[in-house]
Amino acid sequence: MELKELKGVGPKTLQGLFDLGINSIDDLVRYYPYRYNVYKPINIRDCIDNSTITIIGRVVSKPSFFRGNKVKSIIRFKFETSNNIINVTIFNQPYLTKSLYINKELTLVGKYDELTNTFTVSKIFNDVLDKTLIEGVYHSSSNINRSSLVKLINNILLSDYEVNEIIPSYINDKYELMNTKDALKVIHNPIDNSSYKKALLKLKYEELFEFMFKINILKIRKELNDNFVIKDFNDDSLKRILSLIPFELTKGQMDAINEIIEDFRSLRRMNRLVLGDVGSGKTIVAFISLILNKESGYQGCMIAPTEVLAIQHFENFKSLFNDLDIKVELLTGNTSKADKNRINKELLNGDIDILIGTHALLEDNIDFNNLGLVVTDEQHRFGVNQRNILRNKGEAVDVLYMSATPIPRTYALTIYGDMDISLIKDKPNNRKEIKTLKYTFKDLDKAFDIVNEELNKNHQVYIVSPLIEDEESDINDINNIKELVNKYLVSNKKVGILHGKLKNVEKDKIINSFKEGKIDVIISTTVIEVGVDVSNATCILIFNAERFGLSTLHQLRGRVGRNSLESKCILLSDKNSERFDCLVESNDGFYISEMDLKLRGSGDLFGIRQHGDMSFKIANIVSDNRILLQCKKDSEEFIKDNIDTNFSNFSYYRNIVNDLVNKD
Ligand code: ADP
Ligand code: MG
């Protein structure tokens, strides 16, 4: 069954689902809440401080309705709850007036101010909750709201739709794992902690088992020593290339390049990950590899997760290596049909030496004459399968991945078990350390003084705020930030706003204007694209920094300090300030990720939203490390027992293997 056959799914809803990356029914039921709201009615006298509480009771006065100056509307009435009469205020929900009348029973969620005996409502249920309600909170999009999403998911789970049980049954039995459909029901509508934990275990196990299965298959594949070619080029080539680069390479960069050259010249196919902190200069390593690959007589390509990054690399390559006789092209989803056709042709006849682009490169009709090297930038944004699509577009393609995810070595060995790793530990030495400062909101003006100082030098600034994406408050919060910025920012500066509801094209447009210097300040309510390189940006101000993990903060901070200008990162937070000390003390991403692990028990190594390979929907390789290691072992055994029969009893895994291996 397909999504569009579901009841209640019209074109708009379908688009909404696609926006969320939901392309099948299976995706839909596995679209998990990212947190839960728990509503448990309490006696209002038990309310502590300023916390959000849930109360039940009935309306005891006729609601009055006002239009406000600053707010759209206010509804007020008296409410009886656990033998108290309190005042209730509801902002900006004028449509509620119709359903509120004397004696109407309600459940209200909000905050109680004892001094004025007033309860300010943030959420209202049209009846009385008789028990605790746990409600999943989902990322939603402008084309589909939470309630439609929940309805779709629950309809499927209540129907006789069969969810694929992917864990081999002997493993299910061994660990007494819950069946998948039940686990999904619980995850979307948890009732108690013990079943929730069991459900979580099943779904995490599934995810990590499949992941480790793929990694182990790839590893075996590598050991089978498949096709290879020996690449050779004139030793002067490297000298010539280096002479065109306006800076001296770091030791880490040179070591990585030498390891790559060794791979080129050896009797094996390269499968190498370049792991280096943000700003360590991985791009140039990729470029040099691409050129040497070309000098050896092969075409190469480089894929980046977004158009902005692809364009950035393309422009950068052209400006650095203009003097070399190399034809480089750009291909993205926005390339015109005519250009695309031309590129297709020139790729096939070998005129194009290097192709840089986005996911558009993965399309079936993109064929090369003799592809020899594939570079994947920000590799964690791509899945294992996507990785292989490109390498299969040539005979014996070398593969190079770039990753800024600072990950401790032990984890790297598990999850990158199929790759060789080049570690770039140093940073270009023209860099000044980014100065990191902590402020509380009380000192907001001081924080903006620093921002303004940078702007007055005609430098550019990022302002980042971690918003909760899906709640109605989103737009309000953006407005709040805009107001603050208007209040504190020096005038005459152009400000662009990036938020979750913008389409990718619009986002790219804003980022590009920022790059071109047409915008001085970017306010971003989503995480700014990792990899964006604007060297004139010298300051980043991060609101509510406590909502980000240390590694994410470090990645964000890496947007500045991209040349010899002094750069600053300002963390604004009223909470948890000791946690930030290691950011203030250190600019080393590897150290910070270790600290993150120590402090939180789990890290957010991969940022808020995860993608591609690391796009575990529910598992976390760090906090679920024990499950991961178990899955590694279990999948190795599973493979050992079944590889000779090509997984004849396990069609799900046979298909995975075919996808991963047999395509070449
Ligand atoms: P990342 O490793 O985060 O992808 P980039 O490759 O984008 O980093 O490099 C960041 C910036 O540093 C770029 O502007 C690049 O030109 C510059 N850069 C790279 N290597 C050096 C170096 N050895 N010396 C000086 N600047 C460098
Ligand atoms: Mg990069």
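As shown above, the structure is provided for reference.
Just so we're clear, the structure is a prediction, and the values are computed from it rather than from any experiment.

## Digging into the sheet that holds strand 10 (residues 299-303)
And then number 1: The seven strands are arranged 11-12-10-13-14-9-15 in an open sheet whose pairing can be described as parallel. A strand with exactly one partner marks an edge of an open sheet, and here the two such strands are strand 11 (328-331) and strand 15 (420-424). Across the sheet, the axes of successive neighbouring strands diverge by a mean angle of 20°, strand direction being ignored.
And then number 2: Sheet strands in contact with helix 9 (residues 282-295) are strand 9 (271-276), strand 10, strand 12 (354-357), strand 13 (371-376), strand 14 (398-403) and strand 15, and its direction is about 160° off that of strand 10.
And then number 3: Relative to strand 11, helix 11 (residues 337-348) is tilted by about 135°, and along the sheet it contacts strand 10, strand 11 and strand 12.

## Description of helix 8 (residues 251-265)
And then number 1: Taking 1.5 Å as the rise per residue, helix 8 with 15 residues should run 21 Å; its terminal C-alpha atoms sit 21 Å apart, in good agreement.
And then number 2: Along helix 8, the residues classified as buried are G252, Q253, A256, I257, I260, I261, D263 and F264.
And then number 3: Where the residues of helix 8 are buried, they touch helix 7 (235-244), strand 9, helix 9, strand 13, strand 14 and strand 15.

## A word on the pairing of strand 14
And then number 1: Summarising burial for strand 14: six of the six residues are buried, a large majority.
And then number 2: Side chains D398, L400 and M402 of strand 14 all project onto a buried face; the interleaved residues V399, Y401 and S403 project onto the opposite face, where all are buried too.
And then number 3: As paired strands, strand 9 and strand 14 are joined by five bridges and run parallel to one another. The residue of strand 14 that forms the bridge with R272 is L400.
And then number 4: Crossover handedness for the path strand 13 to helix 12 (residues 384-391) to strand 14: right-handed.

## A few points about the nonpolar core
And then number 1: Residues I284, I288, L292, F317, F321, V375 and L400 are the most contacted members of the largest nonpolar core, which totals 39 residues.
And then number 2: Elements represented by at least two residues in this core include exactly helix 7, helix 8, helix 9, helix 10 (307-320), strand 11, strand 12, strand 13 and strand 14.
And then number 3: Tallying contributions element by element places helix 9 first for this core, with eight residues.

## Observations regarding the environment of S73
And then number 1: Mapping S73 onto the fold places it in strand 4 (residues 73-81).
And then number 2: The buried category is assigned to S73, whose relative accessible area is 1%.
And then number 3: Each C-alpha atom, one on S73 and one on Y95, is 9.8 Å from the other, the two residues being 22 residues apart in sequence.
And then number 4: When residues no more than four places from it in sequence are discounted, the contact partners of S73 are F65, F66, R67, G68, I90, F91, N92, Q93 and P94.

## Considering the site of ligand 1
And then number 1: Around ligand 1 sit 17 residues in total, of which E248, G279, K282, T283 and R431 are the nearest.
And then number 2: Contacts to ligand 1 include S280, whose backbone N or O atom sits 3.5 Å from an oxygen atom.
And then number 3: The separation between an oxygen atom of ligand 1 and a polar side-chain atom of K282 is 2.7 Å.
And then number 4: Compared with its free state, where it exposes 570 Å², ligand 1 has 87% of that area covered by protein.
And then number 5: Residues of the shell around ligand 1, tallied by class, amount to four nonpolar, seven polar and six charged.

## A look at the pattern of salt bridges
And then number 1: All chains considered together, the criterion is met by 31 salt bridges.
And then number 2: Across the salt bridge formed by E454 and K568, the nearest N and O atoms sit 3.5 Å from each other. Placement of E454 in helix 14 (residues 444-456) and of K568 in strand 21 (residues 568-572) is noted, with a sequence separation of 114 residues between them.

## Examining the pairing of strand 12
And then number 1: In strand 12, alternate side chains face the same way, and those of I354 and I356 on one face and L355 and G357 on the other are all buried.
And then number 2: Strand direction decides the pairing type here: strand 11 and strand 12, joined by four bridges, are parallel. Residue pairing in the sheet places L330 in a bridge with I356 of strand 12.
And then number 3: One crossover worth recording links strand 11 to the parallel strand 12 by way of helix 11, and it is right-handed.

So, how was this worked out
- Residues numbered from 1 in each chain as written.
- Chains lettered and ligands numbered in written order.
- Predicted model: local features only at pLDDT ≥ 70, side-chain atom pairs only at ≥ 80, totals over all residues.
- Heavy atoms only, no water.
- Pairing = 2+ DSSP bridges.
- Helix = DSSP H or I, 4+ residues; strand = E, 2+ residues; numbered from the N terminus.
- Axes fitted to C-alpha atoms, helices over the stretch in contact; angles between N-to-C directions.
- Contact = heavy atoms within 4.5 Å.
- Expected span 1.5 Å × (residues − 1).
- Buried < 20%, exposed > 50% of the residue type's maximum accessible area, 1.4 Å probe, protein only.
- Right-handed = clockwise from strand over helix to strand, strands pointing away.
- Core = buried A, V, L, I, M, F, W, Y, C linked by side-chain atoms within 4.5 Å.
- Near = heavy atom within 4 Å.
- Polar contact = N/O pair within 3.5 Å; in protein donor to acceptor, adjacent residues only side chain to side chain.
- Areas by Shrake-Rupley, 256 points an atom, 1.4 Å probe, with all protein chains shown as cover.
- Nonpolar A, V, L, I, M, F, W, Y, C, P; charged D, E, K, R; others polar.
- Salt bridge = Lys/Arg side-chain N within 4 Å of Asp/Glu carboxyl O.

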